[in-house]
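One letter stands for each residue in the lines below.
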Amino acid sequence: MILLSLTWRIMNAARKFFAELRRRKVYKVAVVYTAVAFVIWQVADIALPSLGLADSAVGVVLVFTVLGFPIALVLAWAYEVRPEEQVAAAAETDSMQKTSSRSVAPQANSVAVLPFESMSPEEEGEYFADGITEEITNVLASLADLHVAARTSAFMFKGKQTDIREIGRQLGVSYLVEGSVRRAGDTLRITAQLIDTTSGYHLWSERFDRLMGDVFEIQDQIASAVAERLSEQVRLSGSSPRPVVRSSELPAYEMFLKGRQLMAVFAGESMLDAAACFEESLSLDPGFAAAHAGLAEALTLQSIGFQVKSGKETMPRARQQADLALELAPSLPGAHHARALVALFYEWDYRADRAAFDRAAKLGPNDASVHMWRDFYFTYVEHDYDAAIAENKRAQELNPMDPSLRSREGTIRYLFGDLDKAESLFRVLLLEMPDFPLPHLGLADTLARRGRIDEAVTAMEQALELGGPLVVMVGIMAGFYGLQHSFDKAQDLLRQLEAESSQGYVSSFWMAVAQAGLGDLDAAFQQDGVRAGGHQIGRAHV
């Protein structure tokens with residue numbers, strides 16, 4: 001039995017060895033080398049004597065070709081000799097893979113708050129646990145010299161059993177906070193721990209058994225304990241985390257948390273639902289400043305970001321809500337953020353916009369969305385390429401798992417004419433996430449600016465297929481068909497937008513994009529979404 005087993009192992013090893021020889025192309029190299037060597041011998045046997053060289057010269061050629069044979073086989077094994085085009089393709093792929101790596105060198109004074117696990121039996125416990133996670137994140141984010149990963153990136157690991165060290169590498173943080181929430185009636189149990197992502201060791205952990213009314217105190221205690229333990233590991237300024245503005249009415253606070261969770265979904269319908277939650281929260285506590293700020297932002301994004309409602313309907317109310325939030329809580333970062341968006345997209349008061357964004361960034365230095373919108377200001381208002389890229393890069397540092405920020409970088413680059421870098425970036429993103437529509441859209445716009453219209457249309461068709469028949473996608477696709485002189489297709493899509501506008505709200509801006517592609521610039525610039533001279537964003541894209 002032993003002999004049979006040994007024989008089987010030897011035969012199996014031999015099979016694997018010869019299979020590896022085939023995989024590494026060693027056989028092919030041997031055949032090609034032998035054929036080439038044979039030709040060299042024939043040429044040497046005929047040509048060298050006619051050149052007056054001694055017969056021994058033929059022998060020297062023979063010796064060198066024989067000696068080169070094992071060297072060629074060794075090189076074939078070690079380097080897997082491939083045709084030139086395969087080597088080039090492999091080198092390009094390797095380069096792209098290195099470029100697209102999302103591992104980030106962790107900063108020493110950096111932390112992420114992972115989604116606390118809901119241990120509650122009721123369905124509502126999920127958003128409550130998520131809300132507590134976000135609140136702790138916001139408290140820690142008030143420390144200017146602490147780098148806090150954005151909620152969007154941290155929540156990418158929700159429900160996943162990913163190694164702590166790997167999470168740290170992907171988020172670029174040295175420490176993680178994680179925990180769980182169990183809610184039963186009026187009682188609450190929250191556990192939390194602070195973990196070093198390099199060693200995996202727990203630096204601190206604690207369990208809190210309290211009544212529901214103490215939830216605010218628990219959140220502040222967790223944030224303060226984390227900051228205190230971190231100050232033992234890294235140099236912090238010594239300032240305490242700033243308490244988050246909250247409602248004294250627990251039901252109002254819970255509805256606010258639900259609204260924030262819906263805002264995080266970041267879609268048109270979710271913005272409508274979020275606004276409804278903030279409205280209900282304010283009906284329970286009219287003095288809740290954070291709910292006023294949340295409502296202002298949700299209303300703004302309904303019309304500006306997702307265009308599910310007209311700005312004429314939402315923006316006056318958004319301005320009112322932002323002003324109320326500032327009046328109630330002048331030091332609330334979200335209030336200044338909401339006011340800045342109103343100034344940028346509705347009032348076109350760019351001096352007030354800059355001041356509000358600066359104040360929001362000072363009060364909330366770890367808010368990635370503030371840096372994202374500041375990039376919009378520098379791009380479309382001040383036309384400052386370096387400042388816009390710097391704000392985008394800062395947003396990516398805080399929110400490294402959000403692909404839209406990396407796609408936005410490409411948009412900034414092509415808007416400022418850096419088409420080579422823009423195209424390279426979009427192609428890398430497409431390798432990483434081929435099913436994400438934004439890189440396809442960005443590549444299409446970049447290629448169109450390079451005059452490669454047919455390629456641009458192909459890329460835009462892919463974006464439309466992946467993103468679905470959204471108004472924004474249909475409008476851009478119509479514009480691109482117009483540039484390609486596919487006027488029938490462009491007109492069909494323009495008619496589709498006009499039909500949709502008769503059934504509900506459709507932003508006139510995307511009508512203008514379609515008309516601009518068809519060459520009807522007069523009609524495009526007469527649309528409400530573009531006509532106003534101060535609307536720099538609309539004019540830049542049309």
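Peer 1: Account for the side chain of T197, with residues named and values stated.
Peer 2: Along the chain, T197 falls in the loop between β5 (187–196) and β6 (202–211). A polar side-chain atom of T197 sits 3.0 Å from the main-chain carbonyl oxygen of V173. Once you skip the residues sitting within four places of it in the chain, T197 turns out to touch I164, R165, G168, V173, S174, Y175 and L176.

Peer 1: Describe the pairing of β5, with residues and values.
Peer 2: Of all ten residues in β5, eight are buried; the element is thus mostly enclosed. If you look at the hairpin formed by β5 and β6, you'll find five residues sitting between the two strands, and G200 has a positive phi there, around 85°.

Peer 1: If you had to explain the packing of helix α11 (residues 289–305) against helix α12 (residues 311–328) to someone new, which residues and values would you point to?
Peer 2: One can describe the packing of α11 onto α12 by two numbers: an axis separation of 8 Å at closest approach and a directional angle of 155°. By the angle between their directions, the pair α11 and α12 is classed as roughly antiparallel. The two elements α11 and α12 cross, and the hand of that crossing is left-handed. Together, A289, H292, A293, L295, A296, L299, T300, Q302, S303 and I304 of α11 and G311, T314, M315, R317, A318, Q321, A322, L324, A325 and L328 of α12 make up the contact between the two elements. The residue inventory of the contact of α11 with α12, partitioned by class, reads twelve nonpolar, seven polar and one charged.

Peer 1: Help me get a handle on helix α13 (residues 333–347), residues and values and all.
Peer 2: Given a rise of 1.5 Å per residue, 15 residues ought to cover 21 Å, and the 20 Å separating the end C-alpha atoms of α13 matches this to within 8%. For α13, the tally of buried residues reaches eleven of 15 residues, placing the bulk of the element in the interior. Within the sequence span of α13, burial applies to A335, H336, H337, A338, R339, A340, L341, V342, A343, L344 and F345. Positioned one or two residues after α13, W348 has a phi angle of 55°, which is positive.

Peer 1: Please provide a residue-by-residue account of the nonpolar core, values included.
Peer 2: Counting 78 residues, the largest nonpolar core has V111, L140 and I222 as the members making the most contacts within it. The greatest single-element share of this core, amounting to nine residues, is contributed by helix α8 (residues 215–233). Residues L419, A478, L493 and V513 belong to the second largest nonpolar core, which totals 35 residues.

Peer 1: Can you tell me about the pattern of salt bridges, naming the residues and giving the values?
Peer 2: Across all of its chains, the model carries 32 salt bridges by this definition. D375 serves as the salt-bridge partner of R408, at 3.0 Å between the closest nitrogen and oxygen. Here R408, found in helix α17 (residues 403–415), pairs with D375, found in helix α15 (residues 368–380); they are 33 residues apart in sequence, far enough to count as distant. The exposure classification of R408 matches that of D375, with both residues buried. Several salt bridges share partner residues, and in doing so they unite D420, E423, R427, R450, R452 and E455 into one network.

Peer 1: Break down the packing of helix α20 (residues 453–467) against helix α21 (residues 471–483) for me, citing the residues and quoting the values.
Peer 2: Helices that pack against each other are described as a pair by the angle of their axes relative to one another and the distance between those axes. It is the contact of α20 with α21, at a shortest axis distance of 10 Å, that shows an interaxial angle of 160°. When the axes of α20 and α21 are compared, the pair comes out roughly antiparallel. Like other packed secondary-structure pairs, α20 and α21 cross with a definite hand, here left-handed. Residues I453, A456, V457, M460, E461, A463, L464 and G467 of α20 form the contact with α21, whose own contacting residues are M473, V474, I476, M477, F480, Y481 and L483. In the contact of α20 with α21, the residues fall into 13 nonpolar, one polar and one charged.

Peer 1: Go over the pairing of strand β1 (residues 107–113), please, and point to the residues and values.
Peer 2: Here β1 runs beside strand β4 (residues 173–184); their pairing, made up of four bridges, is parallel. Across the sheet, V113 pairs through a bridge with V177, a residue of β4. Inspection of the sheet shows β1 paired to strand β3 (residues 147–148) by two bridges, in the parallel sense. Its bridge partner lying in β3, V111 is registered against V148.

Peer 1: Can you break down the packing of aromatic side chains residue by residue, with the values?
Peer 2: Inspection of every chain in the model, using the stated rule, returns nine aromatic pairs. Arranged with centres 5.8 Å apart and planes meeting at 45°, the rings of F256 and F278 form a pair that is tilted. Separated by 22 residues along the polypeptide, F256 in helix α9 (residues 250–265) and F278 in helix α10 (residues 268–284) bring together distant segments of the chain. Accessibility assignment for this pair places F256 and F278 in one class, buried.

Peer 1: How would you explain the environment of A150 if you had to name every residue and give the values?
Peer 2: Mapped onto the fold, A150 is located in the loop between β3 and α6 (151–154). Judged by its relative accessible area of 9%, A150 is buried. Along the sequence, A150 and N138 sit twelve residues apart, while their C-alpha atoms lie 9.3 Å from each other. Those residues in contact with A150 that sit more than four places away from it in its chain are A368, L398 and N399.

Peer 1: An account of unusual backbone geometry is requested, with residue identities and associated values reported.
Peer 2: Its identity is not glycine, yet F266 carries a phi of approximately 55°, on the positive side. Phi is positive for H383, close to 55°, though the residue is something other than glycine. Its place among the elements puts H383 in the loop between α15 and α16 (385–398).

Peer 1: Quick one: what's the story with the confidence of the model for the protein, residue by residue and with numbers?
Peer 2: Do not read the fine detail of predicted coordinates wherever pLDDT is low. Looking at the protein as a whole, the pLDDT averages 80, with 75% of positions reaching at least 70. Looking across the protein, the model is least confident in helix α4 (residues 84–99), with a mean pLDDT of 38, and most confident in helix α18 (residues 419–432), with 96. Across residues 1–16, confidence stays below pLDDT 50; counting only partners more than four residues off in sequence or on other chains, it has one contact. Every residue in residues 77–101 is under pLDDT 50, and counting partners more than four places away or in other chains gives 21 contacts.

What counts and what doesn't
- Counting restarts for each chain: residues are numbered from 1 in the order of the written sequence.
- In keeping with the model being predicted, local features are shown solely for residues with a pLDDT of at least 70 and side-chain atom pairs are shown and tallied solely at 80 or more, while totals for entire chains, interfaces and linings include all residues.
- Based on all heavy atoms of the structure, the side-chain values leave hydrogens and waters out of the count.
- A run of DSSP states H or I qualifies as a helix once it reaches four residues; a run of E qualifies as a strand once it reaches two. Both are numbered from the N-terminal end.
- By the criterion applied in these results, polar contacts are pairs of N or O atoms within 3.5 Å in which, for protein atoms, one can donate a hydrogen and the other can accept it, and in which residues neighboring in sequence qualify only through two side-chain atoms.
- The contact rule is simple, with two residues in contact once any of their heavy atoms fall within 4.5 Å.
- For every residue, the accessible area (1.4 Å probe, protein chains only) is compared with the maximum for its type, and the residue is labelled buried under 20%, exposed over 50%, or partly exposed between those bounds.
- Two strands are said to pair when DSSP picks up at least two bridges between them.
- Axis geometry follows a simple rule: fit a line to the C-alpha atoms, using only the stretch in contact for helices, then measure angles between N-to-C directions, giving values from 0 to 180 degrees.
- In what follows, roughly perpendicular refers to angles from 65 to 115 degrees, roughly parallel to angles under 35, roughly antiparallel to angles over 145, and oblique to any angle outside these ranges.
- Here is the rule for handedness: rotate from the far helix to the near one, and if that takes an anticlockwise turn smaller than a right angle the crossing is left-handed, while a clockwise turn gives right-handed.
- Any residue that is not Ala, Val, Leu, Ile, Met, Phe, Trp, Tyr, Cys, Pro, Asp, Glu, Lys or Arg is counted as polar, Gly included; the first ten are nonpolar and the last four charged.
- What a helix is expected to span follows from its residue count: subtract one and scale by 1.5 Å.
- Residues enter a nonpolar core if they are buried and are Ala, Val, Leu, Ile, Met, Phe, Trp, Tyr or Cys, with the set joined through side-chain atoms within 4.5 Å.
- The term salt bridge refers to a pairing of a side-chain nitrogen on Lys or Arg with a carboxyl oxygen on Asp or Glu at a separation within 4 Å.
- Between the rings of Phe, Tyr and Trp (Trp by its six-membered ring), a pair exists once the centres lie within 6.5 Å; its type follows the angle of the planes, with under 30 degrees stacked, over 60 edge-to-face, and the other angles tilted.
- Summary of the metric used: pLDDT quantifies the predictor's per-residue confidence within the range 0 to 100.

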